[in-house]
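Architecture and fold: a report
Residue strings, one per chain:
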Amino acid sequence: MVATVVGTRVESLASSGIEAIPKEYVRPQEELTSIGNIFEEEKKENGPQVPTIDLEDLVSEDEEKRVRCHEELKRAATEWGVMHVVNHGIPIELMDRVRAAGAEFFNQSVEEKEKYANDHASGNIQGYGSKLANNASGQLEWEDYFFHLVYPEGKRDMSIWPKTPSDYIPATSAYAEHLRGLATKILSALSLGLGLEEGRLEKEVGGMEELLLQMKINYYPKCPQPELALGVEAHTDVSALTFILHNMVPGLQLFYEGKWVTAKCVPDSLVMHIGDTIEILSNGKYKSILHRGLVNKEKVRISWAVFCEPPKEKIILKPLPETISEAEPPLYPPRTFAQHIHHKLFRKTQELGAK
């Protein structure tokens, strides 16, 4: 079924001079009607726009400013579940270093990157990879990626971290540490927004010891038929929070009020998603929004997604008692994080099988 592309990196396909993409990358008919030119889509000013939240006053001493910032964050998490965050406290030069190091890694030859290849069959999910056709439709995505755990330090496997460029390890390590601090501040504000003690959500997702930060660098090569493909198919994140850095090439779309909305490229910002984990704990008060990635003919897009995830087995995810009442019964059954992931995969396979 996927004989033409088994073992092929998308980058190799893209640079081979093909004018038509292999059928495994062509999206189903019902999706094609909604895939437009991402540069045209980004220019659109009418209609809803992803909110931009200024985090400068997130932990301000001035109570009035702090409360206003928390309210804006809460509104964006409730209405959208995704936002651009600015004044987030992560040095811009560090973000630039992370971008430069990741881009330099992907600028190496495919042969060089293959030294870091992952191997799902043997359970090695960290490293360099491309999506394999593991779903009922045999559908592939127009991206290669590099995936590895970046925090806490004691859980990292440094043998899989790129040695080239030399700044990859120091830049990525420092960035992960900054993000971990930002995650604590965001989780505190979101806890207060639910009327909980400020440390509550962080505790519920594993605290300093157990919350894992997993980085996935998504590399989307130029695509000869971008109107037929997706870089990443529609999904919600399973994480608690996801932070995304990108190279200022548009691609992210959010499914909001029944339509696909394109995220603008906001300088010096991070895109922050509320993931399923927080949606479940808040009993649906905070939203995990459906999103996807489009590709284009002209520019390579790279994004650095960091997923803040609870431990797979140690914690039972279910709506917190404070978020449920007679009027608002629990919307989600109790599951471990691993069970939640399995449930989503199972449901998706069933849906595809029914088509």
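None of the values given here were measured: they were computed from a predicted structure.

The subject of this paragraph is the packing of aromatic side chains. Under the definition given, this model contains 11 aromatic pairs. Look at Phe-106 and Tyr-219: their rings are 4.7 Å apart centre to centre, the planes differ by 5°, and that puts the pair in the stacked class. Taken together, the residues span a long stretch of sequence, with Phe-106 in helix α5 (residues 92-107) and Tyr-219 in strand β5 (residues 212-220) at a distance of 113 residues. You'll find Phe-106 and Tyr-219 in the same group, each marked buried. What links up through ring pairs into an aromatic cluster is the set Phe-105, Phe-106, Tyr-116, Tyr-128, Phe-146, Trp-161, Tyr-168 and Tyr-219. Across the ring face of Tyr-145, the terminal group of Lys-216 is positioned such that the distance to the ring centre comes to 5.0 Å.

What follows covers the confidence of the model for the chain. With 94% of its residues at a pLDDT of 70 or more, the chain has an overall mean of 94. Contacts for the low-pLDDT stretch residues 1-6, under 50 throughout, to residues beyond four places or in other chains number 16 contacts.

Our focus in this paragraph is the pattern of salt bridges. Going through the model one piece at a time under the given rule, you end up with 20 salt bridges. For the salt bridge of Glu-11 with Lys-113, the shortest nitrogen-to-oxygen distance reads 2.8 Å. Of this pair, Glu-11 sits in helix α1 (residues 10-14) while Lys-113 sits in helix α6 (residues 110-114), placing them 102 residues apart in sequence. This pair shows no difference in class: Glu-11 is buried, exactly as Lys-113 is. Of the charged contacts in the structure, one is a salt bridge between Glu-328 and Lys-285, with a shortest N-O distance of 3.6 Å. Of the two residues, Glu-328 sits in the loop between β13 (316-317) and β14 (335-336) while Lys-285 sits in the loop between α10 (276-281) and β11 (291-293), which places them 43 residues apart along the sequence. For Lys-285, a relative accessible area of 25% translates into the label partly exposed. Among the charged side chains, a salt-bridge network with shared partners connects Arg-27, Glu-31, Lys-131, Glu-141 and Glu-233.

Within this numbering scheme, the UniProt entry marks residues 211-310 as carrying the feature "domain: Fe2OG dioxygenase" (unreviewed entry). As annotated, residues 211-310 has a helix share of 6% and a strand share of 45%, and its two end C-alpha atoms lie 5 Å apart.

Right, let's talk about the environment of Tyr-116 for a bit. Assignment of secondary structure puts Tyr-116 in the loop between α6 and β3 (127-130). Classification of Tyr-116 as buried rests on a relative accessible area of 11%. In the structure, Tyr-116 is positioned 12 residues away from Tyr-128 in sequence and 5.4 Å away in space, judged by C-alpha atoms. Setting aside its immediate chain neighbours within four residues, Tyr-116 contacts Phe-105, Gly-127, Tyr-128, Phe-146, Ile-160, Trp-161, Pro-162, Lys-163 and Thr-164.

Another aspect to go through is the nonpolar core. With 64 residues, the main nonpolar core has Tyr-175, Ile-186, Phe-243 and Leu-270 as its most contacted residues. Here this core takes 11 residues from helix α7 (residues 168-193), the largest share from any one element. Aside from chain neighbours lying at most four places away, what touches Leu-270 is Met-83, His-84, Val-85, His-88, Ile-90, Met-95, Tyr-175, Leu-179, Leu-182, Phe-243, Ile-244 and Leu-245. Residues Val-271, Ile-289, Ala-305 and Phe-307 belong to the second largest nonpolar core, which totals 13 residues.

What the 8 strands build is an open sheet, ordered β1-β2-β10-β7-β12-β5-β4-β3; its pairing is mixed. Here the strands that pair on one side only, and so sit at the sheet edges, are β1 (52-54) and β3. The average undirected angle you get between the axes of adjacent strands in this sheet is 25°. In this structure, strand β7 (residues 241-246) lies alongside strand β12 (residues 301-309), joined through 6 bridges in antiparallel fashion. In the strand pairing of β12, Leu-245 is matched with Trp-304. Against the sheet, α5 engages β3, β4 (144-151), β5, β7, β10 (270-274) and β12, with an angle of about 115° to β12.

Moving on to the sheet that holds β11. Spatial strand order, β6-β11-β8-β9: 4 strands in an open sheet with antiparallel pairing. Every other strand in the sheet has two partners, leaving β6 (232-235) and β9 (259-262) as the edge strands with one partner each. Going from strand to strand, the sheet's axes swing by 20° on average, the running direction of each strand aside. The pairing of strand β8 (residues 252-256) with β11 spans 3 bridges and is antiparallel. If you follow Leu-254 over to β11, its bridge partner there is His-291.

Here α5 contains 16 residues, and its C-alpha end-to-end distance of 22 Å stays within 8% of the 22 Å for a straight helix at 1.5 Å per residue. Three or more residues of α5 are buried, namely Leu-94, Met-95, Val-98, Arg-99, Ala-101, Gly-102, Phe-105 and Phe-106. The buried residues of α5 occupy an angular sector of 165° when the element is viewed end-on, so they sit on one face. For α5, the exposed residues set more than 90 degrees away from the buried face come down to Glu-93 and Asn-107.

This part takes up helix α4 (residues 63-79). For α4, which comprises 17 residues, the first-to-last C-alpha distance of 24 Å matches the rise-based estimate of 24 Å (1.5 Å per residue) to within 8%. Within α4, burial applies to Cys-69, His-70, Leu-73, Ala-76 and Ala-77. The arc enclosing the buried residues of α4, seen along the axis, measures out at 125°, which places them on a common side. Facing away from the buried side of α4 by more than 90 degrees, the exposed set consists of Glu-63 and Glu-64. Taken together, the buried residues of α4 touch β1, β2 (82-86), α7 and β10. Its side-chain oxygen 3.0 Å from the backbone nitrogen of Glu-64, Asp-62 forms the N-cap of α4. Directly beyond the C-terminal end of α4, a positive phi value near 80° is found at Gly-81.

Definitions and limits used
- Residues numbered from 1 in each chain as written.
- Predicted model: local features only at pLDDT ≥ 70, side-chain atom pairs only at ≥ 80, totals over all residues.
- Heavy atoms only, no water.
- Phe/Tyr/Trp six-rings, centres within 6.5 Å; stacked < 30°, edge-to-face > 60°.
- Helix = DSSP H or I, 4+ residues; strand = E, 2+ residues; numbered from the N terminus.
- Buried < 20%, exposed > 50% of the residue type's maximum accessible area, 1.4 Å probe, protein only.
- Lys NZ or Arg CZ within 6 Å of the ring centre and 35° of its normal.
- pLDDT = per-residue confidence, 0-100.
- Contact = heavy atoms within 4.5 Å.
- Salt bridge = Lys/Arg side-chain N within 4 Å of Asp/Glu carboxyl O.
- UniProt positions renumbered as here; feature names shortened; annotations may be inferred.
- Core = buried A, V, L, I, M, F, W, Y, C linked by side-chain atoms within 4.5 Å.
- Pairing = 2+ DSSP bridges.
- Axes fitted to C-alpha atoms, helices over the stretch in contact; angles between N-to-C directions.
- Expected span 1.5 Å × (residues − 1).
- Arc of directions from axis to C-beta.
- Polar contact = N/O pair within 3.5 Å; in protein donor to acceptor, adjacent residues only side chain to side chain.

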